[in-house]
Amino acid sequence: MSETLLRDAVRRLAAAGIENPRLDARLLLEHAHGDNALFEALVCRRAAREPLAYITGRKEFWSLDFEVGPDVLIPRPESETVIEQALAAFPDRAAPLDVLDLGTGTGCLLVAFLKEFPNACGLGIDVSQKARAIAHRNVVRHGLAARGAIDGGDWSVAGSYDVILANPPYIETGDLAGLEPEGAYEPVLALDGGADGLSAYRAVVPVLAVLLRPGGRALLEIGAGQEGDVAAVLALSGLGVVRTAPDLAGIPRVLVAAHRG
Ligand SMILES: C[S@@+](CC[C@H](N)C(=O)[O-])C[C@H]1O[C@@H](n2cnc3c(N)ncnc32)[C@H](O)[C@@H]1O
């Protein structure tokens, strides 16, 4: 019975332009737990190009399981470059670092960082109250409530930090309509970087410059081709790029920045 259902679902998902119709159909079947009517409804949603992660409510990042929903960006594999670079920049895993995650979304960067640095304490901020609720649940889910907090803020927060992580919205407004259909389900607030894609960096970088301790590192995710522009924004606030790291596709993806001089 389920073989016929599965074959039909694969055909429909392929016809809808889904890249991995077989894999998605299998995951939806698993998610339906033997309820054929539910499976049918899930296939319809996926065929309408709703992201798989929003349908299942789950996404893996840094080999950790995260709750996701339409109020947060779905964590991307390329954002794991931020964590890789944090590990390279701070080789002492036992260091009692203070970390700030600006625009935390699911909290994926904060949670992954705190998992890697067991003596670190962290704060994730987001302007979206709904995102904050999900981030908080992810912090709790991973047993990090004693070391990780989530708070509100419009790129602003008090304190000083050894490490600042930020994956701001960086897509040019004019490019949003050209994203894969799945992108239309994600919050504009998490994607829209303004007319030139740099609005959020212009807002975030002066904050970094104030909050980053001497000797600290800021790790900024960037969009393809933005390294020169974001480096120029950093320079205006007295920060310099100490390293540019590519993602697995070879695209410069993370700027590691520090105070100059
Ligand atoms: C590209 S998403 C990154 C989410 C998560 N850090 C990740 O890497 O998957 C950007 C996040 O910034 C948040 N954001 C947008 N504008 C903001 C603002 N003015 N102040 C604080 N957070 C903001 C969005 O709500 C969204 O969660």
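Values in this document were obtained by computation on a predicted structure and should not be read as measured data.

*Asks:* Give me the site of the ligand: which residues, what numbers.
*Replies:* Close to the ligand lie 17 residues; Gly103, Asp126, Asp154, Trp155 and Asn167 are nearest. At 2.8 Å from a nitrogen atom of the ligand is found a main-chain nitrogen or oxygen belonging to Gly103. Trp155 is positioned with one of its backbone polar atoms (N or O) 3.0 Å from a nitrogen atom of the ligand. For the ligand, the accessible surface in isolation is 600 Å², of which the surrounding protein chains cover 94%. Listing elements by their share of the shell around the ligand, those giving two or more residues are helix 6 (108-116) and helix 8 (188-191).

*Asks:* So what's going on with the domain arrangement of the chain? Residues and values would help.
*Replies:* Split into domains, the chain comes out as domain 1 (2-48) and domain 2 (58-259). Distance from the C-alpha centre of domain 1 to the C-alpha centre of domain 2: 33 Å.

*Asks:* Talk me through helix 7 (residues 129-141); I want residue IDs and the actual numbers.
*Replies:* Helix length check: helix 7 (13 residues) gives 18 Å between terminal C-alpha atoms against 18 Å at 1.5 Å per residue, within 8%. Listed as buried for helix 7 are Ala131, Ile134, Ala135, Asn138 and Val139. Looking straight down helix 7, one finds its buried side chains confined to an arc of 140°; they lie on one side. Pointing more than 90 degrees away from the buried face of helix 7 are the exposed residues Gln129 and Lys130. Contacts from the buried residues of helix 7 go to strand 2 (64-67), helix 6, strand 4 (121-126) and strand 5 (148-152). One or two positions beyond helix 7, positive phi appears at Gly143, with a value near 70°.

*Asks:* Go over the packing of aromatic side chains, please, and point to the residues and values.
*Replies:* Applying the stated criterion to the full structure yields two aromatic pairs. Taking 6.3 Å as the distance between ring centres and 70° as the angle between the ring planes, the aromatic pair formed by Phe61 and Phe66 counts as edge-to-face. Ring geometry for Phe113 against Phe117: centres 4.4 Å apart, planes inclined by 20°, an arrangement best described as stacked. With a relative accessible area of 1%, Phe117 lands in the buried category.

*Asks:* How would you sum up the packing of helix 2 (residues 21-32) against helix 3 (residues 36-47)? Please name residues and give values.
*Replies:* Contact geometry of helix 2 with helix 3 gives a least axis separation of 9 Å together with a crossing angle of 140°. Judged by the angle between their axes, helix 2 and helix 3 are oblique. In this structure, helix 2 crosses over helix 3, and the sense of that crossing is right-handed. In this structure, helix 2 uses Asp24, Ala25, Leu28, Leu29, His31 and Ala32 to contact helix 3, whose residues at the interface are Leu38, Phe39, Leu42, Val43 and Arg46. Per-class residue counts for the contact of helix 2 with helix 3 are eight nonpolar, one polar and two charged.

*Asks:* How would you summarise the state of the cysteines if you had to cite specific residues and measurements?
*Replies:* On inspection of all chains with the given rule, the structure shows zero disulfides. Summary of cysteine pairing: Cys121 is not part of a disulfide, and the nearest cysteine sulfur, belonging to Cys108, is at 19 Å. In this structure Cys121 comes out as partly exposed when scored by relative accessible area, which is 36%.

*Asks:* How would you explain the pairing of strand 7 (residues 212-221) if you had to name every residue and give the values?
*Replies:* Inspection of the sheet shows strand 6 (residues 161-166) paired to strand 7 by five bridges, in the parallel sense. Among the inter-strand pairings, Tyr161 is bridged to a residue of strand 7, identified as Leu212. When strand 7 meets strand 9 (residues 252-259), the two strands line up antiparallel, connected through four bridges. Among the inter-strand pairings, Ala218 is bridged to a residue of strand 9, identified as Ala257.

*Asks:* I'd like to hear about the side chain of Gln226, residue by residue, with values.
*Replies:* Along the chain, Gln226 turns up in the loop between strand 7 and helix 10 (227-236). According to the relative accessible area criterion, Gln226 is buried, its value standing at 8%. Within the structure, the side chain of Gln226 is placed 3.4 Å from the backbone oxygen of Gly197, a separation counted as a polar contact. Setting aside residues no more than four positions away along its own chain, Gln226 makes contact with Tyr170, Asp196, Gly197, Leu198 and Tyr201.

*Asks:* Outline the packing of helix 1 (residues 2-15) against helix 2, listing residues and values.
*Replies:* Relative to each other, helix 1 and helix 2 sit at 130°, their axes nearing to 8 Å. Taken together, the axis directions place helix 1 and helix 2 in an arrangement best described as oblique. For helix 1 against helix 2, the interelement crossing comes out right-handed. Every residue of helix 2 that contacts helix 1 at Ser2, Leu6, Ala9, Val10, Leu13 and Ala14 is listed here: Pro21, Arg22, Asp24, Ala25, Arg26, Leu28 and Leu29. A per-class count over the contact of helix 1 with helix 2 returns nine nonpolar, one polar and three charged.

Cut-offs and rules
- Residues numbered from 1 in each chain as written.
- Predicted model: local features only at pLDDT ≥ 70, side-chain atom pairs only at ≥ 80, totals over all residues.
- Heavy atoms only, no water.
- Near = heavy atom within 4 Å.
- Polar contact = N/O pair within 3.5 Å; in protein donor to acceptor, adjacent residues only side chain to side chain.
- Areas by Shrake-Rupley, 256 points an atom, 1.4 Å probe, with all protein chains shown as cover.
- Helix = DSSP H or I, 4+ residues; strand = E, 2+ residues; numbered from the N terminus.
- Domains from an automatic or database assignment.
- Expected span 1.5 Å × (residues − 1).
- Buried < 20%, exposed > 50% of the residue type's maximum accessible area, 1.4 Å probe, protein only.
- Arc of directions from axis to C-beta.
- Contact = heavy atoms within 4.5 Å.
- Phe/Tyr/Trp six-rings, centres within 6.5 Å; stacked < 30°, edge-to-face > 60°.
- Axes fitted to C-alpha atoms, helices over the stretch in contact; angles between N-to-C directions.
- Parallel < 35°, antiparallel > 145°, perpendicular 65-115°, else oblique.
- Left-handed = near helix turned anticlockwise from the far one by under 90°.
- Nonpolar A, V, L, I, M, F, W, Y, C, P; charged D, E, K, R; others polar.
- Disulfide = S-S within 2.5 Å.
- Pairing = 2+ DSSP bridges.

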